[in-house]
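Listed here are the chains, written in short residue letters.
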Amino acid sequence: MVSGGTYGTEEIVHGAGYGRAILILLLTPLLWSLPTAFMIGELSSALPAEGGYYAWVRRGLGNFWGFQEAWLSLVASIFDMAIYPTLFVGYLTQIAPWFREGHRGVMVGLFVVIACAALNLAGIRVVGLTSLWLFFLLSMPFAAIVLLSPLKLGAAAGMHLAPITSTVGLLGGTLIAMWNYMGWDNASTIAKEVERPQRTYPQAMIAAVILVTLTYVVPFFAVYLAGVPASTFAGDGAWAQVAGLIGGSWHGVNWLGFLLVLGGMMSAFGMFNALVMSYSRLPLAMAQDGILPKVFAKRSAKTRAPWVAIVVCATGWALCLGLGFERLVTLDIILYGASLMLEFVTLVVLRIREPHLKREFRVPGGLPGAILVGVFPLLLLSLALIHGGSETVLGLNGLTFGAVIIIAGFAVYFGSAKLRRRPLAPAIVPSAEVA
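Residues numbered from 1 in each chain as written. Predicted model: local features only at pLDDT ≥ 70, side-chain atom pairs only at ≥ 80, totals over all residues. Heavy atoms only, no water.

Peer 1: For the overall build of the chain, give the residues involved together with the corresponding values.
Peer 2: A tally of regular secondary structure across the chain gives 15 helices and two strands. Every one of the 435 residues in the chain was classed for burial, and the buried ones make up 54%. A separation of at least 24 residues holds for 80% of the contacts in the chain among residues at least 6 apart in sequence. For the chain, the accessible surface area stands at approximately 19,000 Å², while carbon and sulfur atoms represent 70% of it. (Helix = DSSP H or I, 4+ residues; strand = E, 2+ residues; numbered from the N terminus. Buried < 20%, exposed > 50% of the residue type's maximum accessible area, 1.4 Å probe, protein only. Contact = heavy atoms within 4.5 Å. Areas by Shrake-Rupley, 256 points an atom, 1.4 Å probe, with all protein chains shown as cover.)

So this is what it looks like as structure tokens:
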């Protein structure tokens, strides 16, 4: 749910160069991912509820802010989810250009949506195992690059490629890194379907931060030692070109580049598949709380999958395939960041209001530690807000567009008050979870 492998980080190296890019990829998890993982570790161990971050915010800050947390996440998914089938098609057309013609690409994207919905209807164990195997498979070509790079030390240093022309720079590279390192709280929405969530989540969060960081940094460090110019990471299919320099050709075929393209398809498919599992639990939890019609709470008798929520969400994302949405990194960070800050506030509020709530894992440092853990993520989000002023979405300034979405959430909450089944009350944790 956080990372589909090393894909998506190429522009950081292209724009910032190897030295600054590797520094960005090392510092971002320390300042952005690790604090978030600590916060999620505590809240998920204290409140392993269906709906995850939505349930936490609703418990700590009340119904209104709980609704806003879910609103921001679901609206952001519209911009984010439609892009993964598009990325899948983009990689596919590199090896099969036939799919560029007519509506074939849209049909392939629709196939991705339907296939992932079917896997999710089969239950989270199927989705989890599928995601795990896809991660290992898509990582193999990068492992080959790392292993072969020592054999090419300095071999590409004399290449005469076009100079770096990217305008990404240090700030832009940091924002792209933030995007590549975000999404840690998505796994919290399935807490009720996870074995021993109080222990599993904190351990998984810390381990995943380390693993994702390594998958980003090690391949870049390897190709840097091999002398591959940073300007090679320009345009679509950059890793395939790099793979050709490292792996050479076999009977005239860039075999390693071909495997990397296949890995890109796996990455897009795997990310979409895992995020369907995460986002579909929000309508389920909201229906159980009376915010959405109770039909969204229907589950499969066999797999316990929320089949109505999965089908409705997948249908909405499928309808967006033909609209050509471009994933705007800055807007994604603004929307995600707003919901993330609500979670950091919830961490502090619950420490004050419910000090005796049993927590298998605690952010170190007591109450000051719980407050300070959100400082660096807030500072990085401030950079995104500054950068957001230079972007436009549907003709609006990026900050203005984000503000419109946030205000719309307020209007929807108050406008739908009469449609709710019953008055809402914050979730109650069973007494066994309270010290």
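Peer 1: Describe the packing of helix 3 (residues 63-81) against helix 10 (residues 255-288), naming the residues involved and giving the relevant values.
Peer 2: Running from amino to carboxyl end, helix 3 crosses helix 10 at an angle of 150°, the nearest separation of the two axes being 11 Å. Classified by the angle their axes make, helix 3 and helix 10 are roughly antiparallel. Here the hand of the crossing between helix 3 and helix 10 comes out left-handed. Two secondary-structure elements touch here, helix 3 through Phe67, Ala70, Ser73, Leu74, Ser77, Asp80 and Met81 and helix 10 through Phe272, Leu275, Val276, Tyr279, Leu282, Pro283 and Met286. Partitioned by chemical class, the residues of the contact of helix 3 with helix 10 number eleven nonpolar, two polar and one charged. (Axes fitted to C-alpha atoms, helices over the stretch in contact; angles between N-to-C directions. Parallel < 35°, antiparallel > 145°, perpendicular 65-115°, else oblique. Left-handed = near helix turned anticlockwise from the far one by under 90°. Nonpolar A, V, L, I, M, F, W, Y, C, P; charged D, E, K, R; others polar.)

Peer 1: Can you break down the nonpolar core residue by residue, with the values?
Peer 2: Formed by 111 residues in total, the largest nonpolar core has its most connected members in Trp32, Val223, Phe233, Trp239 and Phe272. Sorting elements by how many residues they give to this core places helix 10 first, with 16 residues. Those residues in contact with Trp239, other than ones at most four positions away along the chain, are Thr6, Glu10, Phe142, Ile145, Pro219, Phe220, Val223, Phe233 and Leu260. Ranked by size, the runner-up nonpolar core spans eight residues in total, among them Leu72, Leu331, Leu335 and Phe401. (Core = buried A, V, L, I, M, F, W, Y, C linked by side-chain atoms within 4.5 Å.)

Peer 1: Explain the packing of helix 5 (residues 104-121) against helix 11 (residues 307-319) to me, and be specific about the residues and the numbers.
Peer 2: At their nearest, the axes of helix 5 and helix 11 sit 10 Å apart, and the two run at 170° to each other. The orientation of helix 5 with respect to helix 11, classified from their angle, is roughly antiparallel. Mapping the contact onto sequence places Leu110, Val113, Ala117, Asn120 and Leu121 in helix 5 and Trp307, Ile310, Ala314 and Ala318 in helix 11. The class makeup of the residues in the contact of helix 5 with helix 11 is eight nonpolar, one polar and no charged.

Peer 1: Just give me the short version of helix 6 (residues 124-148), but keep the residues and values in it.
Peer 2: Compared with the 36 Å implied by 1.5 Å per residue over 25 residues, the 36 Å span of helix 6 between its first and last C-alpha is a close match. Of all the bends in helix 6, the largest measures some 35° and sits at Met140, one to four residues before the proline Pro141. Regarding helix 6, the residues found buried are Ile124, Val127, Leu134, Phe135, Leu138, Pro141, Phe142, Ala144 and Ile145. For helix 6, the secondary structure elements touched by its buried residues are helix 5, helix 8 (197-225), helix 9 (238-247) and helix 10. (Expected span 1.5 Å × (residues − 1). Bend = angle between axes of the 7 residues up to and from the residue.)

Peer 1: Which residues make up the packing of aromatic side chains, and what values do they have?
Peer 2: How two aromatic rings sit relative to each other is set out by the distance from centre to centre and by the angle between their planes. All chains considered together, the criterion is met by 22 aromatic pairs. Put simply, the rings of Tyr7, Tyr18, Tyr91, Phe142, Phe220, Tyr224, Phe233 and Trp239 pair up and form one aromatic cluster. (Phe/Tyr/Trp six-rings, centres within 6.5 Å; stacked < 30°, edge-to-face > 60°.)

Peer 1: Tell me about the pattern of salt bridges, and please be specific about residues and values.
Peer 2: Applying the stated criterion across every chain, the model contains ten salt bridges. Between Glu354 and Arg59 there is a salt bridge, with its nearest N and O atoms 2.4 Å apart. Separated by 295 residues along the polypeptide, Glu354 in the loop between helix 12 (329-353) and helix 13 (366-372) and Arg59 in helix 2 (residues 53-61) bring together distant segments of the chain. We note a salt bridge from Glu195 to Arg196, for which the minimum N-O separation is 4.0 Å. Here Glu195 matches Arg196 in class, with each residue exposed. Ionic contacts of the salt-bridge type, sharing partners, join the residues Glu42, Arg351 and Arg359 into one network. (Salt bridge = Lys/Arg side-chain N within 4 Å of Asp/Glu carboxyl O.)

Peer 1: Residues and numbers for unusual backbone geometry, please.
Peer 2: Unusually for a residue other than glycine, Arg196 sits at a positive phi of about 45°. Secondary-structure assignment places Arg196 in the loop between helix 7 (169-180) and helix 8. In this model, Arg304 sits at a positive phi of 65°, which is unusual for a non-glycine residue.

Peer 1: Lay out a nonpolar patch on the surface in plain terms, naming residues and giving numbers.
Peer 2: A grouping of Ile95, Trp250, Val253, Trp255, Phe258 and Leu259 is seen on the molecular surface, where their side chains present a nonpolar patch of about 560 Å² in accessible area. With three residues, the top contributor of residues to the nonpolar patch is helix 10. You can see Val253 is positioned in the loop between helix 9 and helix 10. (Patch = residues over 30% accessible without salt bridge, like charges linked within 9 Å, V, L, I, M, F, W, Y side chains within 5 Å.)

Peer 1: Let's hear about the side chain of Thr28: which residues, and what values?
Peer 2: Within the secondary structure layout, Thr28 lies in helix 1 (residues 10-46). Discounting chain neighbours no more than four positions away, the residues touching Thr28 are Ser33, Ala177, Met178 and Tyr181.

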